[in-house]
Amino acid sequence: MAHGPAKGITRWLYTTNHKDIGSMYLWFSFAMFFLGGIFALVIRAELFQPGLQIVEPNFFNQMTTMHGLVMVFGAVMPAFVGLANWMIPMQIGAPDMALPRMNNWSFWILPFAFAMLSSTLFMDGGAPNFGWTFYAPLSTTYAPPSVTFFIFAIHIMGASSIMGAINIIATIVNMRAPGMTYMKMPLFVWTWLITAFLLIAVMPVLAGVVTMMLMDIHFGTSFFDAAGGGDPVLFQHVFWFFGHPEVYIMILPAFGIVSAIIPTFARKPLFGYASMVYATAAIAFLSFVVWAHHMFTVGLPIAGELFFMWATMLIAVPTGVKVFNWVATMFKGAMTFETPMLFSIAFVILFTIGGFSGLMLAIAPADFQYHDTYFVVAHFHYVLVPGAIFSITAGVYYWLPKWCGNMYNETMGKLHFWLAFIGLNVTFFPMHFSGLAGMPRRIPDYNMMFADWNMISSVGAFLFGAAQVLFLYNVIATIIGGKKATDEVWENPEGLEWTVPSPAPYHTFETPPEYK
Amino acid sequence: MSGGTYYVPEQSKLPIFASFGLFLTVFGAANWMNGNSSGPWLFFAGGLTFAAVLWNWFSIVISENMAGLNSPQLKRSYVIGMGWFIFSEVMFFAAFFGALFYIRALALPWLAGEGDGVDNALLWPGFANEWPLMTTPDMAANGENAIQKGPEAAMSWPGFGGLFSWLPFWNTVVLLTSSVTVHFAHTAIKNNNRKQFNIMLGVTVLLGFIFLFLQAEEYIHAYHELGLTLQSGIYGTTFFMLTGFHGAHVTMGTIMLLVMWLRSVLKGHFKPDDNFGFEAASWYWHFVDVVWVGLFFVVYVFG
C-alpha cells in the first residue's frame, strides 16, 4: 500500500482513502449549503415586504423547492456521510472503510446528480416548482418538463446513499478493533449504524415513489390518478414512509456528535450511555410508524388520526431521555465553553424547542390549525438548523484540529457561533408567530398583518447567511495556518481518534489497535 | 474482527467512470422521455460505459481474490454488503406491494363512497369498488368519453379446474424448481463436485430463460388478447409494474448466474470453500423467487 496521497487532481478522482473521501463529502456539502442558502435568501428577500417585489411567483416556487432539495440531499446528508467517512474508521480502529472503491463511487455520483438537478433551473419551464415534498398531482400532471431530470437525479443520489449506508454498516460490523464490543462503541458510531439501517430501509422506497411518478408522467399509469382508480393520497403515504425516517436520518448522527462533544467539555463521562443507544434505536423504530402525522388534514379515518397522533407523541419519550442525559452529563461538570461546546449546548436547547413545537403539531386536532403554515416551517427549521446544521458545525470545529493539525481561532469561532445563534433565532422564532396567526407557507405574497414578523425573519436570515461566510473563512484559515494542535487536541477527550497524531496520518490503524 | 491486515485497494479509476456512466444513462433516459433526439444515444452510450466499468470492476475483484489479497475479514465485507443490498431491494418491492395493498384495501372502497371521508359519489358517480378493477372511476362517470379505461380481461385465478392451463402456475413451478436446482449447485460446489455444479447451475440458468420466455408470452397475450396494458387503469398499472420489476430482476439474476456458469465452465472458478461470487448470485436468485411467491398470491391467486 502506498503511504502518501497521490499528486494532483487524480488524488481526488481515483482515491480510495476514507479521509480524502470524507473531505470531498464535506466540501461538497459546504458548497451545497451555500447554494441552498442563496435560494433561501432569494425567498427571504422576496418576503421582506408584502407584495411581489423581486421574483415571479413561479420562480419563487422553484426557490422553495430547490432550497429544500439541495439542503436535505445536498448539504445535510453528505455532511454527515463526510463526518462518518472521516471519523468512523478512526473511532473504531479500522484501516479504512470496508469497501473503499464503492466508497468513492458513492461520493462521485453526487456532483453529477446535483449538476443535473441544478441544471433544471435553466430548462424550459424552469426547475421543479412543486415543493421539496413533490406531492402528486402537482409533481405529475402539472409539473414542468424538468421533473424527469429531477426524478433521475433522485434515483442516482438514492443509489449513492444506499451504497454509502451499506459501506458504513459493513465497516462497523466487520472492522472494529479487537476489544471494541458493540456497547463500547462511541455514540457517533452507534447513531450512524442505526442511521445507515434507516437509509437502506427507506431510500429504496423513495426510488419507488419517484418511479411511480415517472410512470404516471411518461407511460400512462394511474398510480396517483383517481380517474384510473389510483389515489393522489397514495403518493403522500409512500413519500412520507420514506420522509419520516429521512427526518431521523438527518438528526441521529447529530445526537452522536453532541454525545461526543458534551462529555469532553463537561469533563465527565457521558451520562447513561446504554440508554442513549436504546433511545436511538427506539426513535429509529418509531420513525417507521408515524408517517401519516404529516397528512392529518388529507382526510384520514379517525382511527388513523389517533394512531398516528399517539405514536408520534411516543417519540418524545426516547428523545426526552437523550436531552435528560446531555443535561445530566453537564450537571456539576467542570464546563468550559469552546466553540464546539457552544454549538452543542445551543443544539440541546434549540433542538428541544423544535421538539416541543413538534409535539404541538402531533396533536391531530390542533394540527388542522397549524398545517401548512409558517408554524410548521418554524418547527422543522428549529430541528434542522440548530439540530443538524449546528451539530455538523460543532463536529467540524471539534475534529478539524485532528484533520489538519491546526487549531482554529477561538475568538473567530465564538464570533461565528454568536452571529449564527442570533441570526437563526431572529429568522425562525418569529415564524412561530406568523404561522400561528395563519400565514401559509410557500406563498410569495402575504397579508399586511404578517409584515413585521416577516421583515424580522428576513433580517435574521441575512445575518445567519453572513455568519456562514465567517465559517468558511475560519475553516480555510485553520487549514492553511494557525497554532499547531496537540495529538489530544482537547483535555482528555475520549476515543481512539485522539490517540493518533494531529494531523491524522494518511493511513491510520493499518494494524488494529487493542481497545481496552 | 479478526487481526491481520485488511486489503485497502490502491487508487482506482472505476468509481469515477461508474459515476459518469450512471449519470449519462439517466441523463440520456430523461432526455429521451422528454422527446429530445439525442436522448437514446446518450442513454445507450451511458449504459455501455456503465456495463464496461462493471465488467472491469468485477474482473479486478475476482483477480484480487485469486491473487490471495482477500483476507477472511475482507470477504465478510462482501458478504455483509450483498446481504444489505438485497434488503434494499426488498424495500423497493415493498413500496409497490404497499401501493397495491393501499389501493385495494382503502383507496378503491373510499372512491366508491365507503368510509367517513368526502363523498366521492359527487366526483365519480356510479363507481363501484371491484378487483380486478375493470370499470375505472373515469368510465363509471364518463362512459364512452373516458380517457382512463380498464382492461377487457384480467389475469385472475381460473379456479382449480383451469390450474394446469394457467400460465402463472407454470411460471411458479419453473421458478420454484430453479431455486431448488441452484441450491443443489451450491451443495455440489461445497462437495467439490464440479460436474454436478455445472449441470445444476446450467439447469437453473435455463429455467431462468424459460421463465422469462413464459413471462413475455403472458405479456403478449395480455396486450393482444386481453386488452390488458400498462395503461389499463390501476389494475394494469399494478399488474405490470409489480410483475415487470420482478421480471427485470429475474433478467438480472439470470445474467448473474449465467456469468457464474461461464466462469465455472470456461475458467474453472470457484472452490469448495471460496465461492461467494456464485453464492451472492444464488442469494439474489432466492430473493427474486420469494418475491415471485408473493406476487403469485397477491397479484394472481387473490388478484
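A quick note: this is a predicted structure, and the numbers were derived from the prediction, not measured. Residue indices follow the written sequence of each chain, beginning from 1 at its first position. Think of it this way: whatever chain is written first is A, whatever ligand is written first is 1, and the rest follow in order. Reporting in this predicted model follows two pLDDT cut-offs: at least 70 for local features of residues, and 80 or more for side-chain atom pairs to be given and counted; totals over whole chains, interfaces and linings ignore these cut-offs and use all residues. With hydrogens and water excluded, all non-hydrogen atoms of the structure serve as input to the side-chain values.

Participant: Which parts of the structure should I look at to understand the overall build of chain A?
Facilitator: Across its full length, chain A holds 16 helices and zero strands. In terms of principal-axis extent, the alpha carbons of chain A reach across some 65 × 50 × 45 Å. Residue burial is assigned from relative accessible area. The probe radius is 1.4 Å, only protein chains are included, and a residue is buried under 20% of its type maximum, exposed over 50%, and partly exposed in between. Every one of the 516 residues in chain A was classed for burial, and the buried ones make up 66%. Restricting the contact set of chain A to residue pairs at least 6 apart, pairs at least 24 apart contribute 83%. Summed over its atoms, the accessible surface of chain A is roughly 16900 Å², and 73% of this surface lies on carbon and sulfur atoms. Helix and strand assignments follow DSSP, with helices taken as H or I runs no shorter than four residues and strands as E runs no shorter than two, numbered in order from the N terminus. Any two residues whose heavy atoms approach within 4.5 Å are treated as being in contact. All accessible-area figures derive from a Shrake-Rupley calculation using a 1.4 Å probe, and residue coverage is judged against the displayed protein chains alone.

Participant: Just checking my understanding: could you explain the environment of Leu361(A) for this structure?
Facilitator: By the secondary structure assignment, Leu361(A) is in helix 12 (residues 339–362). By relative accessible area, which is 9% here, Leu361(A) ends up buried.

Participant: How do you make sense of the UniProt feature "domain: Cytochrome oxidase subunit I profile" (unreviewed entry) in chain A when you look at a structure like this?
Facilitator: UniProt positions are given in the numbering used here, feature names are shortened, and annotations may be inferred rather than shown by experiment. Using the residue numbers shown here, the UniProt feature "domain: Cytochrome oxidase subunit I profile" (unreviewed entry) corresponds to residues 12–516 of chain A. Across residues 12–516 of chain A one finds 68% helix and 0% strand; the C-alpha atoms that close the span lie 35 Å apart.

Participant: Quick question: what am I supposed to make of the domain arrangement of chain B here?
Facilitator: Residue and element names in this part refer to chain B. Here the domain parsing of chain B yields domain 1 (10–70) and domain 2 (71–301). Relative placement of domain 1 and domain 2: their C-alpha centres are 26 Å apart. Interface area for domain 1 against domain 2, summed over the two sides, is near 560 Å², with a carbon-plus-sulfur share of 56%. For salt bridges, the criterion is a side-chain nitrogen of Lys or Arg within 4 Å of an Asp or Glu carboxyl oxygen. Viewed at the interface, domain 2 and domain 1 are joined by zero salt bridges. Any N or O atom pair separated by 3.5 Å or less is treated as a polar contact, with the protein-specific requirement of one donor-capable and one acceptor-capable atom, and with residues adjacent in sequence counted only for side-chain atom pairs. Seen at the junction of domain 1 and domain 2, the total is two residue pairs in polar contact (both at pLDDT 80 or more). Here the residues of the side of domain 1 that touches domain 2 sort into four nonpolar, two polar and no charged. Throughout the structure description, domain borders are defined by an automatic or database domain assignment. In short, buried area is how much 1.4 Å probe accessible area vanishes from two parts on joining, totalled over both. Three classes are used, and their members are as follows: Ala, Val, Leu, Ile, Met, Phe, Trp, Tyr, Cys and Pro are nonpolar, Asp, Glu, Lys and Arg are charged, and the others, Gly among them, are polar.

Participant: Before we go on, may I ask you to explain the packing of helix 2 (residues 18–46) of chain A against helix 3 (residues 57–92) of chain A in this structure?
Facilitator: Packed helix pairs are characterised by how far apart their axes lie and by the angle those axes make with each other. Residues and elements named next belong to chain A. For every element, the axis is a line fit to its C-alpha atoms; helices are fit only across the contacting stretch, and the angle between N-to-C directions ranges from 0 to 180 degrees. Where helix 2 meets helix 3, the closest approach of the two axes is 7 Å, and the angle between their N-to-C directions is 155°. With respect to each other, helix 2 and helix 3 are oriented roughly antiparallel. Seen along the crossing, helix 2 lies across helix 3 with a hand that is left-handed. Tallied by class, the residues present in the contact of helix 2 with helix 3 amount to 25 nonpolar, 11 polar and two charged. Angle categories are assigned with fixed cut-offs, so that under 35 degrees is roughly parallel, over 145 is roughly antiparallel, 65 to 115 is roughly perpendicular, and the rest are oblique. Crossings are classed by handedness, with left-handed meaning an anticlockwise turn of the near helix from the far one by less than a right angle and right-handed meaning a clockwise turn.

Participant: Is there a simple way to explain helix 3 of chain A in this structure?
Facilitator: For the α-helix, the turn length of 3.6 residues means that residues three or four positions removed from each other point alike. When the terminal C-alpha atoms of helix 3 of chain A are compared, their 50 Å separation across 36 residues agrees well with the 52 Å that a helix rising 1.5 Å per residue should span. Helix geometry: helix 3 of chain A is bent most strongly at Met71(A), by close to 35°. To estimate how far a helix should reach, multiply one less than its number of residues by 1.5 Å. Across the chain, bend at a residue is computed as the angle between axes fitted to the seven residues ending at that point and the seven starting from it.

Participant: How do you make sense of the UniProt feature "transmembrane region" (unreviewed entry) in chain B when you look at a structure like this?
Facilitator: Residues and elements named next belong to chain B. According to UniProt, the "transmembrane region" (unreviewed entry) feature falls on residues 12–33, 39–58, 78–103, 163–185, 197–214, 234–262 and 283–302. The span residues 78–103 is 100% helical and 0% strand by assignment, and the distance between its end C-alpha atoms comes to 38 Å. Within residues 283–302, the helical portion is 95% and the strand portion 0%, while the C-alpha atoms at the span's ends are 27 Å from each other.

Participant: It is not clear to me how the interface of chain B and chain A should be interpreted in this structure. Could you clarify?
Facilitator: Reports of interface size often rely on the accessible area that becomes lost once the parts have come together. Across the contact, 67 residues belong to chain B and 72 residues belong to chain A. Note on chain B versus chain A: buried area summed over both sides is about 6000 Å², and carbon and sulfur give 73% of it. Here chain B and chain A share one salt bridge between them. For the side of chain B that touches chain A, the element with the most residues is helix 3 (residues 72–111) of chain B, which contributes 22 residues. Taken together, the residues of the side of chain B that touches chain A sort by class into 44 nonpolar, 17 polar and six charged.

Participant: Before we go on, may I ask you to explain the packing of helix 15 (residues 410–436) of chain A against helix 16 (residues 451–480) of chain A in this structure?
Facilitator: All names here are of chain A. Where helix 15 meets helix 16, the axes come as close as 8 Å, and the angle between the chain directions of the two elements is 155°. The angle between helix 15 and helix 16 falls in the class roughly antiparallel. The handedness of the crossing between helix 15 and helix 16 comes out as left-handed. Its residues assigned to classes, the contact of helix 15 with helix 16 shows 19 nonpolar, nine polar and no charged.

Participant: Just to check I follow, could you spell out the environment of Gly299(A) for this structure?
Facilitator: Residues and elements named next belong to chain A. Checked against the element boundaries, Gly299 lands in the loop between helix 9 (273–286) and helix 10 (302–314). Classification of Gly299 as partly exposed rests on a relative accessible area of 49%. With 66 residues separating them along the chain, Gly299 and Val233 place their C-alpha atoms 9.3 Å apart.

Participant: Explanation requested: unusual backbone geometry in the structure shown.
Facilitator: Most of the time, phi is negative for any residue but glycine, and the peptide bond is trans. Each neighbour pair has its own omega, and for Ser502(A) with Pro503(A) the value is -5°, a cis peptide bond. Relative to the assigned elements, Pro503(A) resides in the segment after helix 16. In this chain, Trp131(B) is followed by Pro132(B) through a cis amide linkage whose omega measures 0°. For Pro132(B), the position within the fold is in the loop between helix 3 and helix 4 (137–142). Despite not being glycine, Asn492(A) has its phi angle at roughly 50°, a positive value. Assignment of secondary structure puts Asn492(A) in the segment after helix 16. Residue Asn492(A) is classed as exposed on the basis of its relative accessible area of 61%. The backbone of Asn192(B) shows a phi angle near 60°, a positive value even though the residue is not glycine. Here Asn192(B) is to be found in the loop between helix 5 (167–190) and helix 6 (194–224).

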